[in-house]
Amino acid sequence: QVQLVESGGGLVQPGGSLRLSCAASGFTFSRYGMSWYRQAPGKERELVAAITSTGGSTNYADSVKGRFTISRDNAKNTVYLQMNSLKPEDTAVYYCYVAFVLLHVWGQGTQVTVSS
């Protein structure tokens, strides 16, 4: 079955960096665009970054532009989110996401906490 497994979250100080990974299985990874979302306590889930199937195009939420980078390795069936210059407002659970015609799949999420 389709599965997305995130890793790499944790506690980091403001200004620090983290790299999230999302390992995909159960589908032909190289054929699908992938996205990262996040949800902070008391807030709606929001799109953070997205990447096309080949990695040739990306887009970002305004709040993370210039600080976050999404990338993928189709040989490893993995999508990444490099997060630099982290701010307390980046604190959230980060989710990996893929959409098929009749099915949307989310990972279990990984907690990112930015605090001194």
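Structure first, text after, so check above.
In this report, the structure presented in the accompanying data block is examined.

1. Notes on the overall build of the protein
In terms of helices and strands, the protein carries zero helices and eleven strands. Each helix and strand of the protein, placed in order from N terminus to C terminus, yields the pattern β-β-β-β-β-β-β-β-β-β-β. Taking 13 Å as the expected radius of gyration for a compact globule of 116 residues, we find that the protein reaches 13 Å, a close match to that expectation. If one aligns the C-alpha atoms of the protein with their principal axes, the spans along those axes are about 40 × 25 × 20 Å. Here the protein holds 116 residues, and the buried ones make up 42% of them. Within the protein, counting contacts between residues at least 6 apart in sequence, those at least 24 apart form 51% of the total. Counting every atom, the protein has about 6100 Å² of accessible surface; 48% of that belongs to carbon and sulfur.

2. Thoughts on the pairing of strand β3 (residues 18–25)
Here strand β1 (residues 3–7) pairs with β3 via five bridges, running antiparallel. What sits directly across from Q3, in β3, is S25. Two elements, β3 and strand β8 (residues 78–83), share six bridges in a ladder whose sense is antiparallel. Directly across from L20, in β8, lies its bridge partner L81.

3. Overview of the side chain of R38
Locating R38 in the fold gives a position in strand β4 (residues 34–39). On the basis of relative accessibility, which here comes to 6%, the residue R38 falls in the buried class. Reaching out from R38, the side chain makes a polar contact with the side chain of E46 at a distance of 2.7 Å. There is a polar contact of 3.4 Å between the side chain of R38 and the side chain of S63. Discounting residues that sit within four places of it in the chain, R38 has contacts with E44, R45, E46, V48, S63, V64, F68, E89, D90, A92, V93 and Y94.

4. Comments concerning the pairing of strand β11 (residues 110–114)
The alternating pattern of β11 places T110, V112 and V114 on a buried face and Q111 and T113 on a face that is not buried. Where strand β2 (residues 10–12) lies against β11, three bridges are found, and the strand directions are parallel. Paired with V12 across the strands is V114, a residue of β11. As paired elements, strand β9 (residues 92–99) and β11 share three bridges and run antiparallel to each other. If you follow A92 over to β11, its bridge partner there is V112.

Criteria and thresholds
- Residues numbered from 1 in each chain as written.
- Predicted model: local features only at pLDDT ≥ 70, side-chain atom pairs only at ≥ 80, totals over all residues.
- Heavy atoms only, no water.
- Helix = DSSP H or I, 4+ residues; strand = E, 2+ residues; numbered from the N terminus.
- Rg over C-alpha atoms; globule rule 2.2 N^0.38 Å.
- Buried < 20%, exposed > 50% of the residue type's maximum accessible area, 1.4 Å probe, protein only.
- Contact = heavy atoms within 4.5 Å.
- Areas by Shrake-Rupley, 256 points an atom, 1.4 Å probe, with all protein chains shown as cover.
- Pairing = 2+ DSSP bridges.
- Polar contact = N/O pair within 3.5 Å; in protein donor to acceptor, adjacent residues only side chain to side chain.

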